[in-house]
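Per-entry structural report
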Amino acid sequence: GHYFPFDCTEMDLSGCTDFRLSALARRLPEFPQLRRLVLTGCGFEQESLLLFRGDMPDIEVVWDIPLYGKTFLSTDREIDLSGQWIAKTEELEAALPCFSELETVILCNCGISDEDMDALDRRYENIRFLWEVHFGVFHLRTDATRFLALAWENGYTWLSDEQLVPLSYCRDMVALDLGHMWFSDTTFLRDMTHLRWLILADNRIKDISSLANLQELEYLELFLCDVTDISPLLSCRNLKYLNLAYCPVKNAELLAQLPSLERLWVNGCPISYAALRTIREALPNIEINTVGEESTGQGWRKHPSYYEMRDAFGAAYME
């Protein structure tokens, strides 16, 4: 009961239930310019539609896919099931082949553990699974690119090593400020390979091995930490701005091997004149501060790099 011109590019049969897919397949060659076929509400089985679409590689076939009480289209690039309790993901995973262009699945607060969500995300190379992690009083979606704890809506709170573990799933992070938290373990940073701005100042950190993975890092505040070995930073070839004030660093001369380093604050550090000379000879244009009692004194926060960092967090400037 439908008429379409032979040169049509789209055919909408939504709601029609009086034909068979096999009969439709035989007629489609009569429409050489057809590029989109809508079959929503036609009542066909998902498996039959999948096979039908496989035989029509040049035509976008659109149909409806019911999932957990919601309805999506086979051409959706993103589906959001946030708030829907999902005890097991079998139904969701069984439906994934029906989505021809799916890029993102959002599953915030669906009752699935962080470990299971991470495993789900890693199982599908071309689909990103996003969820919300909770740590302390904080919560973030796993595609968050910035987080500043002190600016959070619930105000200041301490974060322990155990509480910070869920943050490791936020692998898109670009700007992260966890200063003054008193944690010691930094392994949650290992997969945040896109970090550019990182504030870890005034914590109980001794081992910074995890920072070796942060090859896009440009700005790092580590002042008032217990770090003695800075060799992991040698992998951070883009590091430009580094504040190590009052860190008991023992091998500061290694910083001479960082070709991008422009500013270095080492006041309060047991750094030798020989080490400073090595750094200055290798990096003649570097600005080094060795004086003053304030970790961020002597102009650390009066430089374009500082303002750029605060802008990345969307935060106000401090003196």
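So, here's what we can say about the structure. Think of each chain on its own: its residues are numbered from 1, step by step along the sequence as written. With pLDDT at 70 or above as the cut-off, local features in this predicted model cover only qualifying residues; side-chain atom pairs require 80 or more to be listed or tallied, and sums for whole chains, interfaces and linings still use all residues. Just so you know, side-chain values use all the structure's heavy atoms and leave hydrogens and water out.

**Some thoughts on the overall build of the chain**
- Regarding its fold elements, the chain presents 7 helices and 17 strands.
- Each radius of gyration is computed over the set of C-alpha atoms, and the globule rule expresses the reference value as 2.2 Å times the number of residues to the power 0.38. In terms of overall size, the chain is more extended than a compact globule, its C-alpha atoms giving a radius of gyration of 28 Å where 319 residues would be expected to give roughly 20 Å.
- Looking at the chain residue by residue over its 319 residues, the buried ones come to 49%.
- The long-range fraction of contacts in the chain, counting pairs at least 24 apart against all pairs at least 6 apart in sequence, stands at 42%.
- Accessible area for the chain stands at about 16,000 Å²; split by element, carbon and sulfur atoms hold 48% of it.
- Distance between charge centres in the chain, computed from 28 positive and 50 negative side chains, equals 3 Å. Put simply, DSSP marks the helices as runs of H or I at least four residues long and the strands as runs of E at least two long, and each gets a number from the N terminus on. Whether a residue is buried, partly exposed or exposed follows from its accessible area with a 1.4 Å probe, protein chains only, as a fraction of its type maximum: under 20%, in between, or over 50%, in that order. Any two residues having at least one pair of non-hydrogen atoms within 4.5 Å are treated as being in contact. All accessible areas in this document rest on Shrake-Rupley with a 1.4 Å probe, and a residue is counted as covered only by the protein chains that are shown. Neither His nor the chain ends is counted toward charge; the positive residues are Lys and Arg and the negative residues Asp and Glu. For the purpose of locating charges, the reference atoms are NZ of Lys, CZ of Arg, CG of Asp and CD of Glu.

**Some details on the nonpolar core**
- The definition of a nonpolar core used throughout is a set of buried Ala, Val, Leu, Ile, Met, Phe, Trp, Tyr and Cys residues joined through side-chain atoms within 4.5 Å. Core analysis: the largest hydrophobic core is formed by 98 residues, its most contacted members being Leu-39, Leu-107, Leu-167, Leu-176 and Leu-244.
- Of all the secondary structure elements, the ones that give two or more residues to this core are α1 (21-27), α2 (46-54), β4 (64-67), α3 (90-95), α4 (114-123), β9 (132-135), β10 (138-141) and α6 (273-282).
- Per-element tally for this core: the top contributor is α6, with 3 residues.
- Counting residues in each nonpolar core, the second largest holds 13 residues, with Trp-197, Trp-265, Met-309 and Ala-315 among its members.

**Comments concerning α4**
- Within the sequence span of α4, burial applies to Asp-114, Met-117, Asp-118, Leu-120 and Asp-121. Summarising the axial view, the buried residues of α4 lie within an arc of 160°, below the 170-degree limit, and thus occupy one face. Exposed and facing more than 90 degrees away from the buried side of α4 are Glu-115 and Arg-122. Note that the arc is computed from the directions linking the helix axis to the C-beta atoms.

**Describing the sheet that holds strand β3 (residues 60-62)**
- In this scheme, strands are said to pair when DSSP sees at least two bridges between them. Taken together, 3 strands build an open sheet; the order of strands is β1-β2-β3 and the sheet is parallel. The sheet is open, and its two edges are formed by β1 (10-12) and β3, each paired on a single side. Direction aside, the axes of adjacent strands within the sheet are offset by 10° on average.
- Where strand β2 (residues 36-38) lies against β3, 3 bridges are found, and the strand directions are parallel. Only the stretch in contact is used when fitting a helix axis, every axis being a line fitted to C-alpha atoms; angles between N-to-C directions are given from 0 to 180 degrees.

**Quick look at the pairing of strand β5 (residues 70-73)**
- In terms of strand pairing, β4 meets β5 through 4 bridges, oriented antiparallel. Along β5, the bridge assignment pairs Asp-64 with Leu-73.
- Between β4 and the antiparallel strand that follows it, β5, lie 2 residues; Tyr-68 among them carries a positive phi value of about 50°.

**A few points about the packing of aromatic side chains**
- Whether two aromatic rings pair depends on their centres lying within 6.5 Å, for rings of Phe, Tyr and Trp, where Trp uses its six-membered ring; planes under 30 degrees apart make the pair stacked, over 60 edge-to-face, and the rest tilted. Summed over all chains, the structure comprises 12 aromatic pairs.
- With 5.5 Å between their ring centres and 55° between their planes, Trp-131 and Tyr-169 make a pair best called tilted. Pair noted here: Trp-131 is in the loop between β8 (128-130) and β9 and Tyr-169 is in the loop between α5 (161-164) and β12 (175-177), with a separation of 38 residues, a long-range link. In this pair, the class of Trp-131 matches that of Tyr-169, namely buried.
- Three or more aromatic residues joined by ring pairs make a cluster, and in this case those are Tyr-219, Tyr-241, Trp-265 and Trp-300.

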